[in-house]
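Structure at a glance
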Amino acid sequence: MPTKVKKNHRKEERSLFALGNEAVVEGALLAGCSFFAGYPITPSTEIAEIMAERLPRLPDGVFIQMEDEIASLGAVIGASLAGRKSMTATSGPGFSLMQEHIGYASMTEVPLVIVNVMRGGPSTGLPTSPAQGDVQQARWGTHGDHPIIVLSASNVQECLDMTVRAFNLSEKYRSPVILLLDEITAHTREKIQIPNRETYEIFSRIKPSMPPEWFVPYEESMRGVPPMPALGEGYRFHVTGLTHDVNGYPTSRPEEVEKLMQRLFRKIDQFFYDIQIIEETACEDAEVVVIAYGCVARSAHLAVLQARELGTRAGLLKLKTLFPFPRPAVERFIRQCRAVIVPEMNMGQMSREVKRVNNGLSSVRTLNRIDGQIITPAEILKVLQKA
Amino acid sequence: MAEVTQLIHHYLRHNKRFPHVLCPGCGHGIVLGSLVRSVHQLGLTKDEVVLVAGIGCSGRIAVYVDFNTVHTTHGRTLTFATGIKMANPRLKVIAVMGDGDALSIGGNHFLHAARRNIGVTALILNNNIYGMTGGQSSSTTAENCYSTTSPYGQQEQSFDIVELAKAAGAPYVARSTVLHVKLLDRIITTALARPGFNLVEVLTPCHTQFGRKNKFKTTVDMYKWYKKNAIPLDSLSKLPQEEQNQRTPIGIFVEENRPSLEERYAAITCRLEEASK
């Protein structure tokens, strides 16, 4: 059940015994989210339910339940254009329906956050056992070449932290950000710290400061991220999913198309190190490193500690940013270790990326499970000892 | 005439490259002109108007006018409009859609926007065909009409947009053709001034894709057909029953007052704020 919070903005740090989904809401509100549109789907529904209770109590907070996930993301884009920090939450089948609008948000550079609590697929699949089968869909699900930021979380505290990071990155780079959770992380209840909002770094989109007649909505700049006014603030401009020129008007002139596409990629690429979030455990002298994300990273953590006790110099590289793929971090361990192990609850969606980077330098071992059950520490330990 | 042209020029974007995408004889420009006159008559500022458009020929008209304009995805116009209106109820949100856009791919969103009574004025520019993609049949292509995807005649029954909107609970439902410009100006102005979901269906000819396949030799023939076929709603009942079924009534079909979604939401937030004091 959602926690009752009477005061709208609590300033002091506090702790909470919370569900992963609940922590997402806490993180979103901390980041300044004031708009949520969604459609019920297990195992993400608690996010919508808690938002439905919390948002109407906030000044200007808006919750709306839409008719489907396509509509949910459409409303979220609309609200973001109107100046709100906005989000939605869903799971596999709903995430599939959202793909069209992820491309739109990417093309029109609309900041927003999508939480996808992964369950087993394809199709209706396994409602609602955990899986990690939407990793490549999060990267490439929408049509066309496009940049995207995909994050993940492996425990309840991280659900909160990564939601805040998701909002910050989306606002900073005017990009949709997908937070991939899994059913286990979303439905685990743990004690978390809700930080003091005064000390937490919160980033909001940069608004234009020039007079409206000087404003060029998609102008080239060093940062590559144009300032973004809200609808109705006096900066009238055209938003379109068509390839557009700097004024926002549709164009098919090759030089203008090229410029737009290059800028969209550059704005993410050049700030790669700001976007790459990883966590290393016992990696300094490791000979075998486990690369994991989401709930599997928790199993891997224990497996690595046990392997150390048994004399294997094991380490854990936990990926919190999945895309853009943290290539420099992974490459380091490929050079350092005799083997890297990628356990994941799919048929090898992230190990593909690792193998691509590996180029035969090290041995990449996979450990896959697709039966709706978590990969246990014992299973990872077994592979660790053989590697 | 010169005054009207000047008025419209005031609302056009002067840095937008022309020519526009519309074919000779297309009615979409007439609708845009009517919309501009209505905005002007109500004294709305350019900054407070948000024109949200879908995909298709109708979707392209937003780019030419100097409002806040959002060209969305196919069929999803009303979902964007819903988000914008809920996020900032002070904005005057207008959705422009085509018939295929609003009723085929976007049919579900259309029903729910009407049911919710979200504060959006929805203009459906109904030309009974998919124009931009080359004349395929839409959900408003009449039975036995020809299109590139119904080369032997349309076998499916078509939607009546007005009846659909009424059934879905829209509190304002009106229809005009682009030939009946005074009526069009009047209903768009009324719709824009009202809270809640206001639906205006505009019958607009597409000679290029519909007319040529359906025995209309020129665009003028299509306008003549509108003139002959359309009948004011109050005159309809005076006709014999069998003739009534042949004609298309125009006018205001529903005009009721119901609180809009954003008003009801504001009432809830006020109540909660009071309770927490």
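Calculation criteria
Residues numbered from 1 in each chain as written. Chains lettered and ligands numbered in written order. Predicted model: local features only at pLDDT ≥ 70, side-chain atom pairs only at ≥ 80, totals over all residues. Helix = DSSP H or I, 4+ residues; strand = E, 2+ residues; numbered from the N terminus. Rg over C-alpha atoms; globule rule 2.2 N^0.38 Å. Buried ≥ 20, exposed ≤ 12 C-beta atoms within 10 Å, placed from the backbone. Contact = placed C-beta atoms within 7 Å. Domains from an automatic or database assignment. Nonpolar A, V, L, I, M, F, W, Y, C, P; charged D, E, K, R; others polar. Pairing = 2+ DSSP bridges. Axes fitted to C-alpha atoms, helices over the stretch in contact; angles between N-to-C directions. Core = buried A, V, L, I, M, F, W, Y, C linked by C-beta atoms within 7 Å. pLDDT = per-residue confidence, 0-100. Right-handed = clockwise from strand over helix to strand, strands pointing away.

Describing the overall build of chain B
Each helix and strand counted, chain B has 11 helices and 8 strands in total. The globule rule puts the C-alpha radius of gyration for 277 residues at 19 Å, and the 19 Å found for chain B is close to it. Projected onto the principal axes, the alpha-carbon positions of chain B cover approximately 70 × 45 × 35 Å. In chain B, which comprises 277 residues, the proportion classed as buried is 48%. Contacts in chain B between residues at least 24 apart in sequence constitute 67% of all its contacts with a sequence separation of at least 6.

Structural notes on the domain arrangement of chain A
Residues and elements named next belong to chain A. You can read the domains of chain A as domain 1 (14–194) and domain 2 (280–386). On a C-alpha basis, the centroid separation for the pair domain 1 and domain 2 is 26 Å. With 22 residues of domain 1 in contact, the opposing surface of domain 2 contributes 19 residues. Contributing elements (two or more residues each) for the side of domain 1 that touches domain 2: β6 (126–130), α5 (135–140), β7 (149–152), β8 (176–182) and α7 (183–186). Of the residues forming the side of domain 1 that touches domain 2, the biggest block, 4 residues, is contributed by β7. Class assignment of the residues belonging to the side of domain 1 that touches domain 2 gives a composition of 11 nonpolar, 9 polar and 2 charged.

Some thoughts on the environment of glutamate 284 of chain A
In this fold, glutamate 284 of chain A is placed in the loop between β11 (278–281) and β12 (288–292). Separated by 30 residues in sequence, glutamate 284 of chain A and alanine 314 of chain A have C-alpha atoms that sit 9.6 Å apart.

Focus: the environment of valine 354 of chain A
All names here are of chain A. Structurally, valine 354 can be placed in helix α12 (residues 349–358). C-alpha separation for the pair valine 354 and phenylalanine 325, spaced 29 residues apart in sequence, amounts to 9.1 Å. Non-local contacts of valine 354, meaning those with residues more than four positions away in its chain, are made with Ile291, Val330, Val340, Val342 and Val364.

Looking at the sheet that holds strand β10 (residues 238–240) of chain A
As summarised here, the arrangement of the 9 strands in space is β10(A)-β2(B)-β1(B)-β3(B)-β4(B)-β6(B)-β5(B)-β8(B)-β7(B), forming an open sheet in which the pairing is mixed. Pairing within the sheet leaves two strands with one partner each, and these edge strands are β10 of chain A together with β7 (230–232) of chain B. Direction aside, neighbouring strands of the sheet carry axes that sit 20° apart on average. Where strand β4 (residues 120–126) of chain B and strand β6 (residues 198–203) of chain B come together, 6 bridges link them in parallel fashion. Bridged to leucine 123 of chain B within β6 of chain B is valine 200 of chain B. On top of the sheet, helix α7 (residues 181–193) of chain B reaches β3 (92–98), β4, β5 (172–177), β6 and β8 (248–255) of chain B; it is set at about 155° to β5 of chain B, its chief contact.

Brief notes about the sheet that holds β11 of chain A
Backbone hydrogen bonds are what pair the strands of a sheet, in a parallel or an antiparallel way. All names here are of chain A. Judged by pairing direction, the sheet is mixed, and its 5 strands sit side by side in the order β11-β13-β12-β15-β16 without closing on themselves. Either end of the sheet is taken by a strand with one partner, and the two such strands are β11 and β16 (363–368). The average angle at which neighbouring strand axes cross in this sheet is 20°, direction not considered. Pairing of β11 with strand β13 (residues 314–319), which is carried by 4 bridges, proceeds in the antiparallel orientation. Within β13, the position partnered with isoleucine 278 by the bridge is leucine 319. The sheet strands contacting helix α13 (residues 377–386) are β12, β13, β15 (339–344) and β16, and the helix crosses β16 at an angle near 155°.

Re the interface of chain A and chain B
Chain A puts 37 residues into the contact, and the matching count from chain B is 34 residues. Residue assignment for the side of chain A that touches chain B shows that the elements contributing at least two residues are β2 (35–38), β3 (62–65), α3 (69–81), α4 (92–108) and β10 of chain A. No other element matches the 9 residues that α3 of chain A contributes to the side of chain A that touches chain B. Where β10 of chain A lies against strand β2 (residues 68–71) of chain B, 3 bridges are found, and the strand directions are parallel. Across the sheet, threonine 240 of chain A pairs through a bridge with histidine 71 of chain B, a residue of β2 of chain B.

Let's talk about the nonpolar core
Of all hydrophobic cores here, the largest spans 181 residues; its most connected members are Leu179, Val289 and Val290 of chain A together with Val52, Ile84 and Ala95 of chain B. In terms of residue count, helix α6 (residues 156–173) of chain A provides more of this core than any other element does, 9 residues in total. Ignoring any residue separated from it by four or fewer positions in sequence, one finds valine 52 of chain B in contact with Val70, Thr72, Thr77, Phe80, Ala81, Ile84, Val93, Ile94 and Ala95 of chain B. Within the second largest apolar cluster, 5 residues are counted, among which are Cys26, Ile129, Cys206 and Phe210 of chain B.

Considerations on the confidence of the model for chain A
Caution applies to low-pLDDT regions: their predicted coordinates should not be interpreted in detail. Per-residue confidence for chain A gives a mean pLDDT of 95, with 97% of residues at or over 70. For the stretch residues 1–8 of chain A, pLDDT sits under 50, and the model shows 12 contacts to residues farther than four places along the chain or on other chains.

Some remarks on the pairing of β3 of chain B
Residue and element names in this part refer to chain B. By the criterion of burial, β3 is predominantly enclosed, with 7 of the 7 residues buried. Neither face of β3 is open: one carries Lys92, Ile94, Val96 and Gly98, the other Val93, Ala95 and Met97, and all of them are buried. Where strand β1 (residues 49–53) and β3 come together, 5 bridges link them in parallel fashion. Across the sheet, residue valine 49 finds its bridge partner in β3, namely lysine 92. Both β3 and β4 contribute to a ladder of 6 bridges, which runs parallel. Paired with valine 93 across the two strands is valine 120, which belongs to β4.

Observations concerning the environment of cysteine 159 of chain A
All names here are of chain A. Mapped onto the fold, cysteine 159 is located in helix α6. Overall, the presence of 30 C-beta atoms within 10 Å leaves cysteine 159 in the buried class. As for cysteine 159 and valine 330, which are separated by 171 residues in sequence, their C-alpha atoms are 23 Å apart.

Some thoughts on the confidence of the model for chain B
Overall, the predicted model of chain B reaches an average pLDDT of 96, with 100% of residues at or above 70. This prediction of the complex comes with two scores: 0.97 for pTM and 0.97 for ipTM.

Focus: the packing of helix α3 (residues 77–87) of chain B against helix α5 (residues 107–116) of chain B
All names here are of chain B. Across the interface, α3 lies against α5 with an axial gap of 8 Å and an inter-helix angle of 35°. For the pair formed by α3 and α5, the contact residues are Leu78, Thr79 and Thr82 on the first element and His109, Phe110 and Ala113 on the second. Each residue belonging to the contact of α3 with α5 can be placed in one class, and the counts come to 3 nonpolar, 3 polar and no charged.

Re unusual backbone geometry
Residue and element names in this part refer to chain A. The amide bond that connects glycine 121 to the next residue, proline 122, takes the cis arrangement and shows omega of 0°. Counting through the fold element by element, proline 122 comes out in the loop between β5 (112–120) and β6. Each neighbour pair has its own omega, and for proline 127 with threonine 128 the value is 0°, a cis peptide bond. Mapped onto the elements, threonine 128 comes out in strand β6. A positive phi angle is found at serine 123, which is not glycine, with a value near 55°. With respect to the helices, strands and loops of the structure, serine 123 is situated in the loop between β5 and β6.

Topic: the pairing of β5 of chain B
Regular strands show a simple pattern: their side chains alternate between the two faces of the sheet. Residue and element names in this part refer to chain B. Within β5, 6 of the 6 residues are buried, leaving the element largely enclosed by the surrounding structure. On β5, burial covers both faces: Tyr172, Ala174 and Ser176 on one face and Val173, Arg175 and Thr177 on the other are all buried. The pairing of β5 with β6 spans 6 bridges and is parallel. Looking at β6, one finds that valine 173 is bridged to leucine 199. Considered for its hand, the β-α-β crossover made up of β5, α7 and β6 is right-handed.

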